[in-house]
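Residues per chain are reported as follows:
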Amino acid sequence: MDIFIQQVVSGLATGGIYASLALALVMIYQATEVVNFAQGEMAMFSTYLAWSMLQADLPYWITFLATVAIAFVGGLLIERIVIRPVENAPILTIVIVTLGLLVIFNSVAGWIYSYIQKPFPSPFPAKPIRIGNIVFGAHDVGEIGVTLVVLALLFAFFRFTTLGLAMRAAAQNPVSSRLCGIRVSWMLGLGWGLAAAFGAIAGMMVAPVVFLDPNMMGGIQLYAFAAATVGGFSSPHGAVIGGLLVGVTENLVGTYVSFIGTELKLTVALAMIIIVLLVKPTGLFGRTIVRRV
Amino acid sequence: MATETKPAEKAATRVETESPASARPVRAARPLGLVALAVVLVVAFALPFFMSGFRLFQFTQVLIYAIALLGLNMLTGYNGQFSLGHGAFYGIGAYTTAIMIDRWSIGYGWTIIAAGIVCLIVGFLFGRPALRLEGLYLALATFSLALAVPQILKYFEHWTGGSQGIVLSKPKAPFGLRLTEDQWLYYLTLAVTVLLFLLAWNLLRGRVGRAIVAIRDNHIAAEAMGIDNSLYKSVVFGVSAAYTGIAGALSALAIAFVAPDSFNVFLSITLLTGIVIGGFATISGAIYGALFIQFVPNWAQDISKAAPWAIFGVFLIVFMYVMPRGIAGFLHLLWIRLTASAVSREQGR
């Protein structure tokens, strides 16, 4: 039972990471109906920037905030410069452009920082937290905390601010929003910026666990896809719940199903994606979209 | 067949009688295209006499990529189904060959056919549920397939040799032909390439090809015209996977080594880059794309280990902006421009 609870908690911790990244994917999807395949690599690149700042002896939390800010501006610029020209192109075109971004970020990171794994510090104490017989990693608990804070901030932003309302409106009905005076195109840019900022947070939280290297996000992005698919691409809270579900499932399956272990982790994600798409393509919380012929 | 070609012929003659000037370049294009094709074939056949060793191996690899790209283009270019995971089928084909030769000592010729059949079945089975997935979801499913395959290959260590992979020996030329192993492999690959290109051309130009394109352009209208969407889509998926699998099998023979990490997600992106550069929904585009993905990374490697990917990425994005129809589309456009200006000059006179 102790092991079970421990696994659930650490599943929730990794699930939080998947949730943040899935939320980033869903935000972009909602606004533009595009899945950003470069989301994970953008997060990886931001984490490298954070690493550089830490090497320059900046304090952790200042680095953290600076990285989030840089990621936000970077995401905004990418939308303005790279995605904008193909905004109205067929989906395939946009997917290919984001794949182009994926390989560019991956290779530039490898070019600048080499492909050798680097340790990344955790802001939380190394000493585990003990409750009775159960031991929690402090980083795991911290991760959950950070995810919850970020989600609360995001919720407040979309629920209580005018800008958040404008962004939701722009995503839901671009034409009417434009008539109301909302600059829809800039709202999309803001969405990309926010998504990139989330990615950066997820990257910095996961790097202490998986170590920093240009390919670190491959598996995590796959799980984020799984999370977004499980929760439904059209539902932000679905993405969060999906992320946590996927994280816990991953850990429990890895612990209790002996033939899977850690070696088939990615296959589990693949299976989850395909099963959900087959059984309920809109995900648990997604809306069914009826198309007129 | 005969009844079908008639209306087309009628249309062609009508165009000719109505505007003979505009019909001329079309008529001129036919023999010119055939001449170009003949030149390419002769050059391709003569290549082993001019180069050897590694250079020749590179051109073998170009042919192999061309097969894989043609397969992917059938699916993505002609049929409009995304696949970001064709590297997986390439890997399955390569491993089918490697396992059959290494573990069961079966003649390599048979293994190429077997790789095609295995991938046809796997592709068909994957395409079946993928039918319900449109656009982005299919992209997601295939992308995750590409991410998961190296792990799956490593898992079945008993057959696949785990991360060590399988080492093969290059096949020797049969019938006492006095060719080196590299030369024989080149000719074998060339023969397979020509055969598969002929088959694809035949498939895509006729009724089936029109049905495939119709599904891409408007699947509801296609359904209304009596085209069985789900059957066509899953069969195209299977055939496309089979092409890519055969390419994988040939690559296993040419490199004489397979390892799980060479079939990662970047291979899939490489293949996608190939059809973007070569040109969607063109047959000749497969060749241009294959030349690009084989040689550009080689040149870029001199700059840095990471440079090839950065260049691929930049090319992917830039082509989407300026040349969305790829090199083949660009050449086609150029040809039309040139002949059109020739016609207008003639008319001006």
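Residues numbered from 1 in each chain as written. Chains lettered and ligands numbered in written order. Predicted model: local features only at pLDDT ≥ 70, side-chain atom pairs only at ≥ 80, totals over all residues. Heavy atoms only, no water.

K.L.:
What is the right way to look at the overall build of chain A in this model?
P.N.:
If you tally the helices and strands in chain A, you get 11 helices and two strands. In sequence order, chain A lays out its α and β elements as α-α-α-α-β-β-α-α-α-α-α-α-α. What you see for chain A is a C-alpha radius of gyration of 19 Å, in line with the 19 Å of a compact globule of 293 residues. A principal-axis box enclosing the C-alpha atoms of chain A has dimensions of 60 × 50 × 35 Å. Looking at the 293 residues of chain A, the share that counts as buried comes to 56%. Sequence-distant contacts, at least 24 apart, represent 75% of the contacts inside chain A between residues at least 6 apart. When the accessible surface of chain A is totalled, it reaches about 12,900 Å², and 69% of it is carbon and sulfur. Taking the 14 positively charged and 11 negatively charged side chains of chain A as two groups, their mean positions are separated by 15 Å. (Helix = DSSP H or I, 4+ residues; strand = E, 2+ residues; numbered from the N terminus. Rg over C-alpha atoms; globule rule 2.2 N^0.38 Å. Buried < 20%, exposed > 50% of the residue type's maximum accessible area, 1.4 Å probe, protein only. Contact = heavy atoms within 4.5 Å. Areas by Shrake-Rupley, 256 points an atom, 1.4 Å probe, with all protein chains shown as cover. Lys, Arg positive; Asp, Glu negative; His and termini not counted. Charge placed at Lys NZ, Arg CZ, Asp CG, Glu CD.)

K.L.:
Where do I start with a nonpolar patch on the surface in this structure?
P.N.:
Residue and element names in this part refer to chain B. A contiguous nonpolar patch, built from Trp110, Ile113, Ile117, Leu120, Ile121, Phe124, Leu125, Leu231 and Val235 and spanning about 860 Å² of accessible area, is present on the exposed surface. Among the elements of the structure, helix 5 (108–130) and helix 11 (229–255) are those that each provide at least two residues to the nonpolar patch. In terms of residue count, helix 5 provides more of the nonpolar patch than any other element does, seven residues in total. (Patch = residues over 30% accessible without salt bridge, like charges linked within 9 Å, V, L, I, M, F, W, Y side chains within 5 Å. Salt bridge = Lys/Arg side-chain N within 4 Å of Asp/Glu carboxyl O.)

K.L.:
Would you take a moment to explain helix 4 (residues 91–113) of chain A for this structure?
P.N.:
Owing to its 3.6 residues per turn, the α-helix brings residues three or four apart onto one side. Residue and element names in this part refer to chain A. The terminal C-alpha atoms of helix 4 lie 33 Å apart, and with 23 residues this matches the ideal 33 Å at 1.5 Å per residue to within 8%. Here helix 4 lies mainly inside the structure; 18 of its 23 residues are buried. The first or second residue beyond helix 4 is Ser114, which carries a positive phi of 65°. (Expected span 1.5 Å × (residues − 1).)

K.L.:
How do you make sense of the interface of chain A and chain B when you look at a structure like this?
P.N.:
It is common to give the size of an interface as the accessible area lost on bringing the parts into contact. Each side of the interface is counted separately: chain A has 48 residues, and chain B has 40 residues. For the chain A and chain B pair, buried surface summed over both sides reaches about 3,800 Å², with 82% attributable to carbon and sulfur atoms. Area buried by chain A at its contact with chain B is led by Leu92, Ile96 and Trp111 of chain A, which between them contribute 15% of it. On the surface where chain A and chain B come into contact, there are zero salt bridges. Between chain A and chain B we count two residue pairs in polar contact (both at pLDDT 80 or more) in total. Mapped by element, the contributors of at least two residues to the side of chain A that touches chain B are helix 3 (60–83), helix 4, helix 9 (217–231) and helix 11 (265–279) of chain A. Examining the composition of the side of chain A that touches chain B, we find that 16 residues originate from one element, helix 4 of chain A, more than from any other. Per-class residue counts for the side of chain A that touches chain B are 34 nonpolar, 10 polar and four charged. (Buried area = accessible area lost by both parts, 1.4 Å probe. Polar contact = N/O pair within 3.5 Å; in protein donor to acceptor, adjacent residues only side chain to side chain. Nonpolar A, V, L, I, M, F, W, Y, C, P; charged D, E, K, R; others polar.)

K.L.:
I'm lost on the pattern of salt bridges in this one. Help?
P.N.:
Any two side chains of opposite charge can pair, so long as their charged atoms come close to each other. Here the structure, examined in full by the defined rule, presents three salt bridges over all chains. We note a salt bridge from Glu79 of chain A to Arg80 of chain A, for which the minimum N-O separation is 3.1 Å. Assessed through its relative accessible area of 0%, Glu79 of chain A is described here as buried. Where Lys154 of chain B meets Asp261 of chain B, a salt bridge forms, and the shortest distance between an N and an O atom there is 3.3 Å. Placement of Lys154 of chain B in helix 6 (residues 135–155) and of Asp261 of chain B in the loop between strand 2 (257–258) and helix 12 (265–278) is noted, with a sequence separation of 107 residues between them. Residue classification places Lys154 of chain B among the partly exposed positions, given a relative accessible area of 31%.

K.L.:
Can you help me understand the confidence of the model for chain A in this one?
P.N.:
Do not read the predicted coordinates in detail wherever pLDDT is low. In this model, chain A carries an average pLDDT of 83, and 96% of its residues clear a pLDDT of 70 or more. Mean pLDDT per element in chain A: strand 2 (residues 134–136) of chain A is the minimum at 74, and helix 3 of chain A is the maximum at 91. (pLDDT = per-residue confidence, 0-100.)

K.L.:
Could you clarify how one ought to interpret unusual backbone geometry in this entry?
P.N.:
Glycine aside, a negative phi is what most residues show, and trans is what most peptide bonds show. All names here are of chain A. Of note in the backbone geometry, Ser114 takes a positive phi value of approximately 65° without being a glycine. Of note, Ser114 is situated in the loop between helix 4 and strand 1 (129–131). One non-glycine residue with positive phi stands out, namely Phe211, at about 70°.

K.L.:
How do you make sense of helix 4 (residues 86–104) of chain B when you look at a structure like this?
P.N.:
Between the first and last C-alpha of helix 4 of chain B there are 26 Å, a value that for 19 residues agrees with the 27 Å anticipated at 1.5 Å per step. Immediately downstream of helix 4 of chain B, the backbone of Ser105 of chain B shows phi near 40°, a positive value.

K.L.:
Sorry, what's going on with the side chain of Asn229 of chain B here?
P.N.:
Residue and element names in this part refer to chain B. Of note, Asn229 is situated in helix 11. Overall, the relative accessible area of 8% leaves Asn229 in the buried class. A polar contact of 3.1 Å, which involves the side chain of Asn229, links it to the backbone oxygen of His219. Among residues more than four places away in sequence, those in contact with Asn229 are Ile215, His219, Ala222 and Glu223.

K.L.:
How should the nonpolar core be read in this particular structure?
P.N.:
In globular proteins that are soluble, nonpolar side chains generally tend to be buried together. The biggest cluster of nonpolar side chains holds 188 residues, and the ones touching the most others in it are Phe37, Leu99, Leu102 and Phe120 of chain A together with Phe143 of chain B. Considering each element in turn, this core owes the most residues, 16 residues, to helix 8 (residues 184–210) of chain A. Apart from the residues lying within four places of it in its own chain, the contact partners of Phe37 of chain A are Val95, Thr98, Leu99, Leu102, Gln221 and Phe225 of chain A together with Leu84, Ala139, Leu140 and Phe143 of chain B. Listed in part, the seven residues of the second largest apolar core include Leu47, Tyr186, Tyr187 and Leu190 of chain B. (Core = buried A, V, L, I, M, F, W, Y, C linked by side-chain atoms within 4.5 Å.)

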